[in-house]
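Results of the structural survey
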Amino acid sequence: MTTNAQGTNRRAVKAVIPAAGLATRFLPATKAVPKELLPVVDRPVLQYIVEEAAAAGITDVLLVTGRGKTSMVDHFDRRPDVEQRLAEKGDTARLEAVRRTSELADIYTVRQGEPLGLGHAVGTAASHVGPENAFAVLLGDEFVEESKPLLPAMLDLQAQTGGIVLAFMEVPPSETSRYGIASVRESDLGEDVVEVTGLVEKPKPEEAPSNLAVLGRYVLPGKIFETIADTKPGAGGEIQLTDAMATLLAEGTPVHGIIYRGHRYDTGMPLGYLQAVVQLAVQRPDLGEEFRAWLTDFVGGQKG
């Protein structure tokens, strides 16, 4: 395994964003527009995620795409015509915002021919990432608040351990059946760091080993690609990333998790998407005060 001068593993600089899903919950809006490009105020969901990766030092982002999703790549391309028009108008703020999308990271794509599961989607990145390199996986429908980043600590921990690093959030016991839940024990590797001993998919509250739910952020060693290739279809007839990680855990690969204390925006469901739009809109210095006042009046009027 490649190491640096301090004897630790090299910190990952590549990220994979699985984004080939059909997003049926958002139809008909997603018939022609990828769910990942639905706007949260004035930035699409996918841009928040790429910005999260770039802020953590990721310089290389691979989008796992599917049929009808080429516009995701276009969003991160240059638009000289738009830039020229904004420059002529003297609209420097929007000009900088448009240019910034093409400067966040190097964007690459690979096609997932069929939606055969998250493990299969991650496996399509094998030739791009390489078996010797650790990499991050960021699911394409959730992101965390900018002021409380999660990914930097995950990348540092993986470079320290050389294994798998997951992200967790604490959920009420009544909600464990909605998530993958981890069984853990204490770790001496840092505050809010736990050692993972097992993962259970959507357990009933009385069967859940903890209240720690898996977030859509992973940092994985490159050797997982070989394991994914050998993984048989599991739940739903799909190749599950959880199954591949469980195999590595059983073979002795260290697995740790970081408990995230910030806010996670989940745009994978219509309600979560709408909540993210409202939450981020009220925080905007240019929109927040006026929007909050309108929202207060609107909600009050509905109650009346």
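Above this text is the structure in question.
Residues numbered from 1 in each chain as written. Predicted model: local features only at pLDDT ≥ 70, side-chain atom pairs only at ≥ 80, totals over all residues. Heavy atoms only, no water.

1. Considerations on the side chain of Arg 217
Within the secondary structure, Arg 217 is located in strand S11 (residues 212-220). Judged by its relative accessible area of 2%, Arg 217 falls in the buried class. Separated by 2.5 Å, the side chain of Arg 217 and the backbone oxygen of Glu 142 make a polar contact. Sequence-distant contacts of Arg 217, defined by excluding residues within four places in its chain, comprise Ile 49, Glu 52, Val 137, Leu 138, Leu 139, Glu 142, Phe 143, Leu 150, Met 154, Val 165, Leu 166 and Ala 167. (Helix = DSSP H or I, 4+ residues; strand = E, 2+ residues; numbered from the N terminus. Buried < 20%, exposed > 50% of the residue type's maximum accessible area, 1.4 Å probe, protein only. Polar contact = N/O pair within 3.5 Å; in protein donor to acceptor, adjacent residues only side chain to side chain. Contact = heavy atoms within 4.5 Å.)

2. What about the pattern of salt bridges?
Where side chains of opposite charge bring their charged atoms close, a pairing between them can arise. Here the structure, examined in full by the defined rule, presents 18 salt bridges. Arg 78 serves as the salt-bridge partner of Glu 83, at 2.6 Å between the closest nitrogen and oxygen. What makes Glu 83 buried here is its relative accessible area of 4%. The structure contains a network of salt bridges with shared partners spanning Asp 42, Arg 284 and Asp 286. (Salt bridge = Lys/Arg side-chain N within 4 Å of Asp/Glu carboxyl O.)

3. Comments concerning the packing of aromatic side chains
Per the stated rule, a full pass over the model turns up six aromatic pairs. Relative to Phe 143, the ring of Tyr 48 lies with its centre 4.5 Å away and its plane at 15°, an arrangement referred to as stacked. A residue pair is termed long-range when its members are at least 10 positions apart, and Tyr 48 in helix H1 (residues 45-55) and Phe 143 in strand S7 (residues 142-144) qualify at 95 residues. Residue Tyr 48 shares its accessibility class with Phe 143, and that shared class is buried. Ring geometry for Phe 135 versus Phe 225: centroids 4.9 Å apart, planes at 10°, classification stacked. With Phe 135 in strand S6 (residues 135-138) and Phe 225 in helix H8 (residues 224-229), this pair connects stretches of sequence that are 90 residues apart. (Phe/Tyr/Trp six-rings, centres within 6.5 Å; stacked < 30°, edge-to-face > 60°.)

4. Observations regarding the pairing of strand S9 (residues 180-186)
Bridge analysis of S9 against strand S10 (residues 193-201) gives seven bridges, and the strand direction is antiparallel. Bridge pairing in S10 places Arg 185 opposite Glu 195. (Pairing = 2+ DSSP bridges.)

5. Describing a nonpolar patch on the surface
A contiguous nonpolar surface patch, about 290 Å² in accessible area, is contributed by Trp 294, Phe 298 and Val 299. Looking at the element boundaries, Trp 294 is found in helix H11 (residues 288-303). In this structure Trp 294 comes out as partly exposed when scored by relative accessible area, which is 48%. (Patch = residues over 30% accessible without salt bridge, like charges linked within 9 Å, V, L, I, M, F, W, Y side chains within 5 Å. Areas by Shrake-Rupley, 256 points an atom, 1.4 Å probe, with all protein chains shown as cover.)

6. Details of the environment of Ala 20
With respect to the helices and strands, Ala 20 occurs in the loop between strand S1 (14-18) and strand S2 (39-40). Between the C-alpha atoms of Ala 20 and Leu 38, which are 18 residues apart in sequence, the distance is 15 Å.

7. Regarding the packing of helix H3 (residues 80-89) against helix H4 (residues 92-101)
The relative placement of two packed helices comes down to the angle between their axes together with the axis-to-axis distance. Orientation of H3 relative to H4, taken along the N-to-C sense of each, is 160°, at an axis distance of 8 Å. The orientation of H3 with respect to H4, classified from their angle, is roughly antiparallel. Helix-helix and strand crossings are classified by hand; for H3 and H4 the assignment is left-handed. Of H4, the residues touching H3 (which contributes Glu 83, Leu 86 and Ala 87) are Arg 94, Leu 95, Val 98 and Arg 99. Residue composition of the contact of H3 with H4, by class: four nonpolar, no polar and three charged. (Axes fitted to C-alpha atoms, helices over the stretch in contact; angles between N-to-C directions. Parallel < 35°, antiparallel > 145°, perpendicular 65-115°, else oblique. Left-handed = near helix turned anticlockwise from the far one by under 90°. Nonpolar A, V, L, I, M, F, W, Y, C, P; charged D, E, K, R; others polar.)

8. Concerning the nonpolar core
Core analysis: the biggest nonpolar cluster contains 48 residues, and Ile 17, Leu 138, Leu 150, Leu 151, Met 154 and Leu 155 have the highest contact counts within it. Of the residues forming this core, the biggest block, six residues, is contributed by H1. In contact with Leu 155, other than residues within four places in its own chain, are Arg 11, Ala 12, Ala 56, Ile 58, Ala 136 and Val 219. With 30 residues, the next largest nonpolar core counts Val 122, Phe 135, Leu 139 and Ala 182 among its residues. (Core = buried A, V, L, I, M, F, W, Y, C linked by side-chain atoms within 4.5 Å.)

9. Examining the layout of surface pockets
Here the largest pocket is characterised by a volume of approximately 1700 Å³. Every residue lining the largest pocket is counted, 46 residues in all, and those nearest its centre are Arg 25, Leu 118, Leu 139, Asp 141 and Lys 202. For the lining of the largest pocket, the class distribution of residues is 23 nonpolar, 11 polar and 12 charged. (1 Å grid on protein atoms, 1.4 Å probe; cavity = no way out; pocket = protein on both sides within 12 Å on 5 of 7 lines; lining within 4 Å. Points joined across faces, edges and corners; volume = space filled by probe spheres on them.)

10. Structural notes on the environment of Ile 17
Along the chain, Ile 17 falls in strand S1. Remark: the alpha-carbon pair of Ile 17 and Gln 302, spanning 285 residues in sequence, is separated by 39 Å. Residues within four places of Ile 17 in sequence aside, it is in contact with Leu 46, Ile 49, Val 50, Val 61, Leu 62, Leu 63, Val 64, Leu 138 and Gly 140.

11. Considering the environment of Glu 238
For Glu 238, the location among the structural elements is in the loop between H8 and helix H9 (241-250). Other than its neighbours up to four places away in sequence, Glu 238 contacts Pro 115, Leu 116, Gly 117, Lys 232 and Pro 233.

12. Considerations on unusual backbone geometry
Cis geometry is adopted by the peptide bond preceding Pro 28, which originates at Leu 27 and carries an omega value of 5°. The residue Pro 28 is located in the loop between S1 and S2 in this model. Positive phi, normally seen in glycine, also occurs at Val 41, with a value near 65°. Within the secondary structure, Val 41 is located in the loop between S2 and strand S3 (43-44). Overall, Val 41 belongs to the partly exposed group, its relative accessible area being 28%.

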